[in-house]
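# Per-entry structural report
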Amino acid sequence: MRNVDGGLKREVEKDSRGALPDEELMLRLKEGEANCFRDLVLRHQRSVVNIAFRITGDRQEAEDIAQEVFLRVYRAAKGYRPETKFSTYLYKITLNLSLNQIRRAKVILTRFLSGEQDSQREGETSPGTEAFTDTPLTSMEKEEVKKAVRKAIRSLPKRQRLAIILSQYQELSYQEISEILGCSPKAVERLIHRGKNQLKKELASYIQKK
Amino acid sequence: MECREIRKRLSAYLDGELKQGERERVANHVTSCSNCGRELRALQETCSLLKVDKGIEPSEDFLLQLFEKAGSGRKGYQSLQRARWSFTSVPAFMRLTIVLLIGMAVGVGFGSLTSPERQGGVALTQGRNVAQGTALDNFQSVHPQSLTQAYINLTSLLKS
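Nothing here was measured: the structure is a model prediction, and the numbers come from that model.

Moving on to the overall build of chain A. Helix and strand counts for chain A come out as ten helices and zero strands. Helices and strands appear in chain A in the N-to-C order α-α-α-α-α-α-α-α-α-α. Put simply, chain A has 210 residues, and 36% of those count as buried. At a minimum sequence separation of 6, the contacts of chain A that also span at least 24 residues come to 65%.

So this is what it looks like as structure tokens:
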């Protein structure tokens, strides 16, 4: 979770090796330094795969989408201009491709149905109303919570889901999210507010248990 | 009325998106209003639950697959394939180590080629040792004034 005192995790993109910023790498790629592309992929592959995974709910689809995202970045490098933050540009492509994929394959319905089946199975096997203690979650409990969280996120309306993913997992600011979603920061705040309230209801049993 | 307004801002408060004045207003309210305080804690716990899901790791061959896809496309992508294993893709300290190792290998190879053993063989070295070992005998066996004779004896021994 982000620091309430404003110490938000929004630092300039630079990797653990202290290499060049993304925008500089893109400019160098534009000039023909193909290795910069490799660095960009290594730096962002996890984020891109996970955004796609949280939207589609399928690992293989997520990896395919992520690869298409990076190929598009490479193709567009010649015309790249560092007007916006590279991650904003990258996540925008990721969201668009992920949503296109969902539309194309009509996986929303599939996921929704399989999610219902999953929840029925989970309901049968999970400890249900047993109270959690204050001890840390065991790996089994974590696995159960993880499933519930993924299901809850997938049940959110599309724009709420995107805003929650970008805010809670990518830790982007409302301003950055507004640029990606093409709306105002205030609208992002509303989306996140509704999204969190919905998640709170969906995950109520786990919150009470804790 | 205030509670309703405050609750709308709780998510932004938790995400650190409020300006200082608003932040203080929310902070003061949630400490004095138990309902809003409870609401804030529930939202905090919801966010904590979300963090339980750490996501997935890309498969190990993600980059390889990407380059393969890229390589099967336009010609321009072939440069990516080349870049994959190029020297410049290796970190600087590793590049330095490689250069040093190559330098050492060349030095050792060159040294062994120019060494006396390589040139004259082991036999010559052994012969020299024998000659040096017997040199004193030559001096002892001649007359003290016959230094020339001792020199001649030594050189003839080395030649043989």
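Our focus in this paragraph is the overall build of chain B. When its secondary structure is counted, chain B shows eight helices and zero strands. In sequence order, the secondary structure elements of chain B are arranged as α-α-α-α-α-α-α-α. Residue burial in chain B is summarised as follows: out of 160 residues, 16% are buried. Contacts in chain B between residues at least 24 apart in sequence constitute 31% of all its contacts with a sequence separation of at least 6.

Our next topic: the interface of chain A and chain B. On the chain B side, the residues contacting the 43 residues of chain A number 35 residues. Those elements that provide at least two residues to the side of chain A that touches chain B are α2 (34–56), α3 (59–76), α6 (139–154), α7 (158–169), α9 (185–202) and α10 (204–209) of chain A. Here the side of chain A that touches chain B gets eleven residues from one element, more than from any other, and that element is α2(A). By residue class, the composition of the side of chain A that touches chain B is 21 nonpolar, nine polar and 13 charged.

Turning next to the confidence of the model for chain B. Summarising the model, chain B shows a mean pLDDT of 75, and 59% of its residues fall at 70 or more. Scored by ipTM, the complex comes to 0.71, with pTM at 0.63.

About the criteria used
- Residues numbered from 1 in each chain as written.
- Chains lettered and ligands numbered in written order.
- Predicted model: local features only at pLDDT ≥ 70, side-chain atom pairs only at ≥ 80, totals over all residues.
- Helix = DSSP H or I, 4+ residues; strand = E, 2+ residues; numbered from the N terminus.
- Buried ≥ 20, exposed ≤ 12 C-beta atoms within 10 Å, placed from the backbone.
- Contact = placed C-beta atoms within 7 Å.
- Nonpolar A, V, L, I, M, F, W, Y, C, P; charged D, E, K, R; others polar.
- pLDDT = per-residue confidence, 0-100.

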